[in-house]
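# Secondary and tertiary structure notes
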Amino acid sequence: MPGRTTLMAGAGLAALAILGTALYGSGLLPGNTGGALQPCAGATPALARVDAAAKGEVAGMQAVKPARPAPEIRFKGPDGAETGLSDLKGRLLLVNLWATWCAPCKAEMPALDRLQTELGGPDFAVVAINVDTRNLDKPPEWLKQAGIHALPFYADPGGRVLPAIQRDTQSPGLPTTMLIDAQGCTIGVMKGPAAWSSPDGLGLIRAVLGKVS
């Protein structure tokens, strides 16, 4: 019965269209950016705080809009075991890539160390990842000589982290710094060095944590 078959096919297509619209609106289909199930949708207030507090010495911090999941990079922890950003979730992270052959990197390390001393704790941590791939005894020795004591030593001797972060942030050089919220979403990127322990640097972190009175 051609007429009945046509009606049934039309009804089926209408049902599929309704289902597709429902899925798209829910955030379950690719291409939907407005659904409630977007993994970093909850980062919007933090992005506004980054925008407002990125000034002075840390004016180069750019809010990432929309916020996106941080890349799943793997590297060596302080104990030499492999770890990753997902293992460090649960607090705000300032992830900094540095190398001993990068003069601006070394220049900002004392400020990162002071920032960790000042604000590091259950809500915030500086994760400075060394990306040297040769003379692997040099980075920890340099940290010791420079008086860097508060920063745990993270390293990527295998050379995997730098290209992954360069692709994700479109930052070709070092240092590169990412601000990652407690849910593992990138909310800010800094291309180049900064005075992280300055009043502006401390104010940025406090603002993102919602600790500004």
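Preceding block: the structure.
Below you will find a few notes about this structure. Keep in mind it's a predicted model, so treat the numbers as computed, not measured.

### Notes on the nonpolar core
Leu94, Ile187 and Trp196 are the most contacted members of the largest nonpolar core, which has 60 residues in total. For Leu94, the residues in contact, after removing those within four places along its chain, are Met61, Leu112, Leu115, Phe124, Ala125, Val126, Val127, Thr177, Met178, Leu179, Trp196 and Ile205.

### Details of the pattern of salt bridges
Pairing between side chains of opposite charge can happen when their charged atoms approach one another. Throughout the structure, instances matching the rule amount to 9 salt bridges. The salt bridge partner of Arg74 is Glu82, with a shortest N-O separation of 3.5 Å. Exposure remark for Arg74: the relative accessible area of 28% places this residue in the partly exposed category. A relative accessible area of 44% places Glu82 in the partly exposed class. Glu82 is the partner of Arg160 in a salt bridge, and the nearest nitrogen-oxygen pair spans 3.3 Å. Of this pair, Arg160 sits in the loop between β6 (154-155) and α5 (161-169) while Glu82 sits in strand β3 (residues 82-84), placing them 78 residues apart in sequence. A relative accessible area of 45% means that Arg160 is categorised as partly exposed. Overlapping salt bridges bring together Glu72, Arg74, Glu82, Asp87, Asp156 and Arg160 as one network.

### Here we look at the environment of Ala70
Along the polypeptide, Ala70 turns up in the loop between β1 (62-69) and β2 (74-76). Sequence-wise, Ala70 and Gly184 are 114 residues apart; in three dimensions their C-alpha atoms are separated by 5.9 Å. Setting aside residues up to four positions removed in sequence, Ala70 forms contacts with Leu85, Ile180, Gly184, Cys185 and Thr186.

Parameters at a glance
- Residues numbered from 1 in each chain as written.
- Predicted model: local features only at pLDDT ≥ 70, side-chain atom pairs only at ≥ 80, totals over all residues.
- Heavy atoms only, no water.
- Core = buried A, V, L, I, M, F, W, Y, C linked by side-chain atoms within 4.5 Å.
- Buried < 20%, exposed > 50% of the residue type's maximum accessible area, 1.4 Å probe, protein only.
- Contact = heavy atoms within 4.5 Å.
- Salt bridge = Lys/Arg side-chain N within 4 Å of Asp/Glu carboxyl O.
- Helix = DSSP H or I, 4+ residues; strand = E, 2+ residues; numbered from the N terminus.

Remember that the coordinates give geometry; whether it matters functionally is a separate question.
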